[in-house]
Amino acid sequence: MSISPATLAHLPLLLLLLLPTSSLSKTFLVRVHHDSKPSIFPTHKHWYESTLTSLSPTTTTTTDQTPSRIIHTYDTIFHGFSAKLSPLQAKNLESLSGIVAVIPEQIRKLETTRSPEFLGLKTTDSAGLLKESDFGSDFVIGVIDTGIWPERQSFNDRDLGPVPGKWKGECVSGKDFPTTSCNRKLIGARYFSDGYEATNGKMNETTEYRSPRDSDGHGTHTASIAAGRGKGNFQKFSGFNLARLAAYKVCWSAGCYDSDILAAFDAAVRDGVDVVSLSVGGVVVPYYLDAIAIGAFGAADAGVFVSASAGNGGPGGLTVTNVAPWVTTVGAGTLDRDFPANVKLGNGKIIPGMSVYGGPGLAPGRLYPLIYAGNEGSDGYSSSLCLEGSLDPKFVKNKIVLCDRGINSRAAKGEVVQKAGGIGMILANGVFDGEGLVADCHIIPATAVGASSGDEIRKYITSASKSKSPPTATIEFQGTRLHVRPAPVVASFSARGPNPETPEILKPDIIAPGLNILAAWPDRVGPSGLPSDKRQTEFNILSGTSMACPHVSGLAALLKAAHPEWSPAAIRSALMTTAYTVDNRGGTIGDESTGNSSTVMDFGAGHVHPQKAMDPGLVYDMNSYDYVDFLCNSNYTTKNIQAITRKNADCRGAKKAGHIGNLNYPSLTAVFQQYGRRKMSTHFIRTATNVGDANAVYQVAVKPPSGTLVTVEPEKLVFRRVGQRLSFLVRVEAVAVKLSPGSSSTKSGSIIWSDGKHVVTSPLVITMQTPL
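Rules and cut-offs
Residues numbered from 1 in each chain as written. Predicted model: local features only at pLDDT ≥ 70, side-chain atom pairs only at ≥ 80, totals over all residues. Heavy atoms only, no water. UniProt positions renumbered as here; feature names shortened; annotations may be inferred. Helix = DSSP H or I, 4+ residues; strand = E, 2+ residues; numbered from the N terminus. Buried < 20%, exposed > 50% of the residue type's maximum accessible area, 1.4 Å probe, protein only. Areas by Shrake-Rupley, 256 points an atom, 1.4 Å probe, with all protein chains shown as cover. Polar contact = N/O pair within 3.5 Å; in protein donor to acceptor, adjacent residues only side chain to side chain. Contact = heavy atoms within 4.5 Å. Pairing = 2+ DSSP bridges. Axes fitted to C-alpha atoms, helices over the stretch in contact; angles between N-to-C directions. Salt bridge = Lys/Arg side-chain N within 4 Å of Asp/Glu carboxyl O. Disulfide = S-S within 2.5 Å. Core = buried A, V, L, I, M, F, W, Y, C linked by side-chain atoms within 4.5 Å. Phe/Tyr/Trp six-rings, centres within 6.5 Å; stacked < 30°, edge-to-face > 60°. Lys NZ or Arg CZ within 6 Å of the ring centre and 35° of its normal.

The name an unreviewed UniProt entry gives the chain is Subtilisin-like protease SBT1.5, with Rhododendron griersonianum as the organism. The heading Subcellular location (unreviewed entry) in the UniProt record of the chain holds the text "Secreted".

Here you go:
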């Protein structure tokens, strides 16, 4: 390879993000040190193109097949570009001294009311978060998702004032999306498809919009949760939030590509958003390999709060995603509302179920023949799951069919049953799904039942088939039920800790409503999401941490409006230290998958409590350099840290001053490797900032995890003024527990500061591990 001295002299500091596409070319994100570009180049793009040309002069045409085509340029939170490069170019770049890292890109996926009352938000309140924040009307939430359906009433701008003067964004026109689609509510809209098309070729514009318009529904739904407006009886939490919206469309039929996501982060911060809401996830990788973590750091560094979904991989452990400590990671809980649709068996037994099917029901009082699909198909496995083409119409016609959950979508199973002539479906959870029920908008009369209920129905079918009374059943749809107890409960699908990348940082941070959430929905997309579903609805019910995340995004905008001086870390701290862990029956928040109590690994600090978060008393604040110290103590190299933060890190001071657990986080987590030791100890240093009353004395109360001795020094914090910062030391001593090799044990407690008016609670989590 030949590179001229002039090029070497100005070679940028590069971060490369690699996306496998074919054996010939790959997509990279290229990070550039944000010093001045050489004056010989009129624009940064020309400079970047020149750098690519110098790497391999024989491969620098601009056709789609050649590897050196620039896809995006970035200039706000991430200085650089993305481009298609050949493996040789990538190798040559990686060998240069200015290169920070070569990173495999990921394709991300979407993490697919009564919220305001349940959250304690009412428009009639004379005080509280909504009143204090003026409903968030001057603050902007950027939703990075599948776009938006701007005509929905959730996005009307009735009674809203002018667009905030700080706003620098645009309403980008495109297919079926003129610039007039935006208004004083939806103040900005952009779309990013170049990364998607660099891998997949030109999009199919008969099924997708080359514009910010939503052809999926997910983005419209999440946007209306974050800051939509209620209509009629549909009074959602979002109906109260007058924050402005900006939609950034990055997700397409083949997924959400990192190069496009980073472009959206870059644009959102440049446009002037106050909050980024991201209901998109993927596998967990080190932060310097994670485009979402890198983009979110740049946003947080600019003072923008980032809320992200925890993922839907629950109820298993180690499933949580979007785990960077500068991101607020949100799991999903239930509301005190459900949609009962019970199964009545021929033996008179009633099996509880859940559904929001709204079409013609089954004949009242009539019982229908009932079969288990796994008993009737040519292939017991595929037929049990009601996969496409697996059901024989001669066994299914005019019957209710029991299908097992898994592989294909829940609504698609109903379509398979319908095609085979079935008249109804019962969808049974597998063992891993537990007892958690999701209400779906099915295309035939259908309901979902838990794993144990599925077992009971199968046993009934088996025994009745051997008797003179063949198995029969019906589904009884009972509409909406309110004031359900217990609530909240951690949703079965909600991803759980421990944090796979940094076990010393508790994730998820908090939970918020994410099960059966009612919000806006586009035209031209049936409520089941199936292509064959031609029904239209202005609102739809979805479940997922995708729905929980925008609740927190909306709350963050309200908190930022009430406290403009608060940093993203202060807002997260207020949400975490005021969260609650007790349900409406007075017990610990339960786990939907098991029916037992949940733990900090399921709900983090607890369920959000908006009114208390407005006045938390104390916050644990942080700035970007605190995160740099955290990365130093995570044993990241200087190059790794630069890849994430753009900052030159001298890790000597950070490592001398503390350890990874000393990040000023609102939760405290220690991991002890026993290695045959009988006693182990560690310490945490935390600094609390007074955001409550000028003269306040806080006394500590310790609830130690079982088997530990916990002390706090000092036991009293005496604040003389608002904004004053005081530090304290937490010492933890743990005694070894009996564990089999390779296993672990986690116990939790809490550190609670109170001045008699405010209660500031931090989870304290101790994990004991025995190596293999």
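## A word on the overall build of the chain
Along its length, the chain carries 21 helices and 38 strands. Within the span of the chain, comprising 772 residues, buried residues form 61% of the whole. By element, 52% of the accessible surface of the chain is carried by carbon and sulfur atoms, the whole surface being about 29,100 Å².

## Details of the environment of Asp 159
On the secondary structure map, Asp 159 appears in the loop between strand S7 (140-145) and strand S8 (186-191). Classification of Asp 159 as exposed rests on a relative accessible area of 73%. With 26 residues separating them along the chain, Asp 159 and Lys 185 place their C-alpha atoms 9.9 Å apart.

## Notes on the environment of Ala 302
Structurally, Ala 302 can be placed in the loop between helix H9 (291-301) and strand S14 (305-309). For Ala 302, a relative accessible area of 47% puts it in the partly exposed group. With 32 residues separating them in the primary sequence, Ala 302 and Arg 270 have C-alpha atoms 9.5 Å apart.

## Looking at the environment of Ile 444
With respect to the element layout, Ile 444 can be found in the loop between strand S21 (424-428) and strand S22 (446-449). The exposure class assigned to Ile 444 is buried, which follows from its relative accessible area of 4%. Considered as a pair, Ile 444 and Leu 362 are 82 residues apart in the sequence and their alpha carbons are 9.7 Å apart.

## Structural notes on unusual backbone geometry
Note the cis peptide between Lys 507 and Pro 508, where omega equals 0°. With respect to the helices and strands, the residue Pro 508 is situated in the loop between strand S25 (489-490) and strand S26 (510-513). Cis rather than trans, the peptide bond between Glu 713 and Pro 714 has omega equal to -10°. With respect to the element layout, Pro 714 can be found in the loop between strand S34 (708-713) and strand S35 (716-719). In this model, Asn 516 sits at a positive phi of 55°, which is unusual for a non-glycine residue. Here Asn 516 is to be found in the loop between S26 and strand S27 (517-520).

## Observations regarding H9
Most of H9 sits out of view: ten of its eleven residues are buried. Among the residues making up H9, those that are buried are Ala 291, Ile 292, Ala 293, Ile 294, Gly 295, Ala 296, Phe 297, Gly 298, Ala 299 and Ala 300. With a side-chain oxygen positioned 3.0 Å from the backbone nitrogen of Ile 292, the residue opening H9 is Asp 290. Of the residues one or two after H9, Gly 303 is the one with positive phi, at around 90°.

## Digging into the side chain of Thr 770
You can see Thr 770 is positioned in the segment after strand S38 (759-769). Accessibility expressed as a relative area gives 18% for Thr 770, which makes it buried. Setting aside chain neighbours within four positions, we find Thr 770 in contact with Gln 674, Leu 739, Ser 740, Pro 741, Gly 742 and Ser 743.

## Focus on the sheet that holds strand S11 (residues 255-257)
The antiparallel open sheet is built from four strands, whose spatial order is S10-S11-S6-S13. Where the open sheet ends on each side, the last strands, each with one partner, are strand S10 (251-252) and strand S13 (280-281). Bridge analysis of S10 against S11 gives two bridges, and the strand direction is antiparallel. Bridging from a neighbouring strand, Cys 251 pairs with Cys 256 of S11. Lying on the sheet, helix H8 (residues 258-271) is in contact with strand S6 (107-110), S10, S11 and S13; it crosses S11 at an angle near 65°.

## Comments concerning the pattern of salt bridges
Applying the stated criterion to the full structure yields 28 salt bridges. For Asp 266, the salt bridge is made with Arg 270, and the minimal N-O distance between the two is 3.4 Å. Here Arg 270 and Asp 266 lie together in helix H8, a separation of four residues that amounts to about one turn. Since its relative accessible area comes to 37%, Arg 270 is described here as partly exposed. Taken together, the salt bridges that share partners define one network made up of Asp 75, Asp 266 and Arg 270.

## Observations regarding the state of the cysteines
Scanning all chains against the criterion turns up four disulfides. Two residues share a disulfide in this structure: Cys 632 and Cys 651, whose sulfurs sit 2.0 Å from each other. Judged by the sign of its S-S torsion, about -75°, the bond between Cys 632 and Cys 651 is left-handed. Pair noted here: Cys 632 is in helix H19 (residues 624-633) and Cys 651 is in helix H21 (residues 651-657), with a separation of 19 residues, a long-range link.

## Some details on the sheet that holds S38
The sheet built from five strands is open, its strands ordered S31-S38-S37-S33-S35 with mixed pairing. Of all the strands in the sheet, just strand S31 (668-673) and S35 have a single pairing partner and so form its edges. This sheet shows a mean twist of 20° between the axes of neighbouring strands, independent of strand direction.

## A closer look at the side chain of Thr 687
Considering the arrangement of structural elements, one finds Thr 687 in strand S32 (residues 679-690). In terms of polar contacts, Thr 687 uses its side chain to reach the side chain of Ser 727, at 2.7 Å. Contact partners of Thr 687, with chain neighbours within four places excluded, come to Val 619, Tyr 620, Asp 621, Asn 664, Arg 725, Leu 726 and Ser 727.

## Observations regarding the nonpolar core
Among the nonpolar cores identified, the biggest contains 109 residues, and Ile 141, Tyr 248, Phe 265, Tyr 287, Trp 326 and Leu 575 are the most heavily contacted of them. Considering every element that reaches this core, the biggest residue donor is H8, with eight residues. Apart from residues no more than four positions distant in its own chain, Tyr 248 is found in contact with Gly 142, Val 143, Ile 144, Asp 145, Trp 167, Arg 190, Phe 192, Ala 264, Ala 267, Ala 268, Asp 271 and Val 273. Of all hydrophobic cores here, the second largest spans 25 residues; its members include Leu 618, Val 710, Phe 728 and Trp 753.

## Digging into helix H7 (residues 218-227)
Taken across its ten residues, H7 has ten buried, putting it largely inside the fold. Buried within H7 are the following residues: His 218, Gly 219, Thr 220, His 221, Thr 222, Ala 223, Ser 224, Ile 225, Ala 226 and Ala 227. At its buried positions, H7 is contacted by S6, S7, strand S9 (244-249), S27, strand S28 (539-542) and helix H15 (545-562).

## Focus: the packing of aromatic side chains
Tallying each qualifying case throughout the model produces 15 aromatic pairs. A centroid spacing of 5.4 Å and a plane angle of 45° characterise the contact between Tyr 357 and Phe 477, whose relative ring orientation is tilted. One end of the pair, Tyr 357, is in the loop between strand S18 (350-351) and strand S19 (368-372); the other, Phe 477, is in strand S23 (residues 472-477), and 120 residues separate them in sequence. Note on Tyr 357: relative accessible area 11%, which makes it buried. Judged by its relative accessible area of 29%, Phe 477 is partly exposed. Among the aromatic residues, those joined into a cluster by ring pairs are Tyr 287, Tyr 288, Phe 297, Trp 326, Tyr 627, Phe 630 and Tyr 636. Lying across the ring of Trp 149, Arg 213 places its NZ or CZ 4.3 Å from the centre. The lysine or arginine in question, Arg 458, covers the ring of Tyr 372, its NZ or CZ lying 5.2 Å from the ring centre.

## Section: the pairing of strand S17 (residues 341-345)
Of all the five residues making up S17, four are buried; the element is thus mostly covered by neighbouring parts of the structure. Of the pairings in the sheet, the one linking S17 to S23 comprises five bridges and is antiparallel in character. Residue pairing for S23: Val 343 is matched across the bridge by Ile 475. Two elements, S17 and S18, share two bridges in a ladder whose sense is antiparallel.

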